[in-house]
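Single-letter residue listing:
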Amino acid sequence: MKILVPLDGSPAAFAAIAHVKSLAAARVPLQVLLLHVQLRFHRHISQFTRKSARDALRAERSAAALAPAVEALSGEKIPFVALTECGAPAERIAAVAERERVDEIVMGTGRHPRWLRGVNPSIAQEVMQRTDVPVTVLARGRVSRLQRYGVPAGIAGLAALLLVAD
């Protein structure tokens, strides 16, 4: 079974590695592709830097993001290949899944309040919209009270102050 595991270095994303390890423990034959996707640098920044310097920075960031997964899979002797891509995360994940002909995409994600999902759409949902490859999403963590209630209340209070000031 060929599995694509996109990682961004967050603890929530690492939940996908725990799932892969449980599949390996159940003796499912696995071939794992670890993927780290980075956004492209803005062209105004890119014009002042050398391509070699940008590539070195990307390689360093990818190594840091993938290091815990590489260590975990190496310790379990699970075969894997580490990949790095540049571009929009959902687009690159779907493209790699199609190119590599994976059987499944396994993603770990954090829980976010409803208002934040409206502002910052879920990469997992975007991936599901872009590909026919099955996507397993493993949610980890909890939404803090500050995120759930404090920030929206603060925004509402600021909006009320702005209305009163006029």
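The coordinates are above.
Residues numbered from 1 in each chain as written. Predicted model: local features only at pLDDT ≥ 70, side-chain atom pairs only at ≥ 80, totals over all residues. Heavy atoms only, no water.

Observations regarding the overall build of the protein chain
Moving on, step 1. Scanning the protein chain from terminus to terminus reveals seven helices and five strands.
Moving on, step 2. Taken from N to C terminus, the helices and strands of the protein chain fall in the order β-α-β-α-α-β-α-β-α-α-β-α.
Moving on, step 3. Every one of the 166 residues in the protein chain was classed for burial, and the buried ones make up 33%.
Moving on, step 4. By sequence separation, contacts in the protein chain at least 24 residues apart represent 79% of the contacts at least 6 residues apart.
Moving on, step 5. When the accessible surface of the protein chain is totalled, it reaches about 10600 Å², and 57% of it is carbon and sulfur. (Helix = DSSP H or I, 4+ residues; strand = E, 2+ residues; numbered from the N terminus. Buried < 20%, exposed > 50% of the residue type's maximum accessible area, 1.4 Å probe, protein only. Contact = heavy atoms within 4.5 Å. Areas by Shrake-Rupley, 256 points an atom, 1.4 Å probe, with all protein chains shown as cover.)

Some points on the pattern of salt bridges
Moving on, step 1. Tallied over the full model, the rule gives six salt bridges.
Moving on, step 2. Where E100 meets K2, a salt bridge forms, and the shortest distance between an N and an O atom there is 3.8 Å. With E100 in helix α4 (residues 89-100) and K2 in strand β1 (residues 2-6), this pair connects stretches of sequence that are 98 residues apart.
Moving on, step 3. Assessed through its relative accessible area of 23%, E100 is described here as partly exposed.
Moving on, step 4. Here K2 falls in the buried class, since its relative accessible area comes to 18%.
Moving on, step 5. For E85, the salt bridge identified is with R92, shortest N-O distance 2.9 Å.
Moving on, step 6. Assessed through its relative accessible area of 14%, E85 is described here as buried.
Moving on, step 7. Connected through shared salt-bridge partners, K2, E85, R92, R99 and E100 make up one network. (Salt bridge = Lys/Arg side-chain N within 4 Å of Asp/Glu carboxyl O.)

With respect to the nonpolar core
Moving on, step 1. In terms of nonpolar packing, the biggest core is built from 19 residues, with V5, L7, I17, V20, V32 and L34 touching the most fellow members.
Moving on, step 2. Listing elements by their share of this core, those giving two or more residues are β1, α1 (15-25), β2 (31-38) and α3 (51-75).
Moving on, step 3. It is α1 that contributes the most residues to this core, five residues altogether.
Moving on, step 4. For L34, the residues in contact, after removing those within four places along its chain, are V5, L7, I17, L66, A69, V70, L73, F80, V81, A82 and L83.
Moving on, step 5. A90, I93, A97 and V102 belong to the second largest nonpolar core, which has 16 residues in total. (Core = buried A, V, L, I, M, F, W, Y, C linked by side-chain atoms within 4.5 Å.)

Some thoughts on the sheet that holds strand β3 (residues 80-86)
Moving on, step 1. Judged by pairing direction, the sheet is parallel, and its five strands sit side by side in the order β3-β2-β1-β4-β5 without closing on themselves. Here the strands that pair on one side only, and so sit at the sheet edges, are β3 and β5 (135-140). Across the sheet, the axes of successive neighbouring strands diverge by a mean angle of 25°, strand direction being ignored.
Moving on, step 2. Pairing of β2 with β3 involves seven bridges; the strand directions are parallel. Note that in β3 the partner of V37 across the bridge is E85.
Moving on, step 3. Seen against the sheet, α3 touches β2 and β3 and runs at an angle of roughly 155° to β2. (Pairing = 2+ DSSP bridges. Axes fitted to C-alpha atoms, helices over the stretch in contact; angles between N-to-C directions.)

Quick notes on the pairing of β2
Moving on, step 1. Extensive coverage of β2 is indicated by the burial of seven of its eight residues.
Moving on, step 2. Strand direction decides the pairing type here: β1 and β2, joined by five bridges, are parallel. Note on β2: the bridge partner recorded for P6 is L35.
Moving on, step 3. You can see the chain leave β1, run along α1 and come back into β2, and the turn it takes is right-handed. (Right-handed = clockwise from strand over helix to strand, strands pointing away.)

Thoughts on the packing of α1 against α3
Moving on, step 1. Interaxial distance between α1 and α3 falls to 10 Å at its minimum, and their mutual angle equals 10°. In terms of their interaxial angle, α1 and α3 are classed as roughly parallel. Counting all contacts with α1, which are made through I17, V20 and K21, the residues of α3 involved are A69, A72 and L73. (Parallel < 35°, antiparallel > 145°, perpendicular 65-115°, else oblique.)

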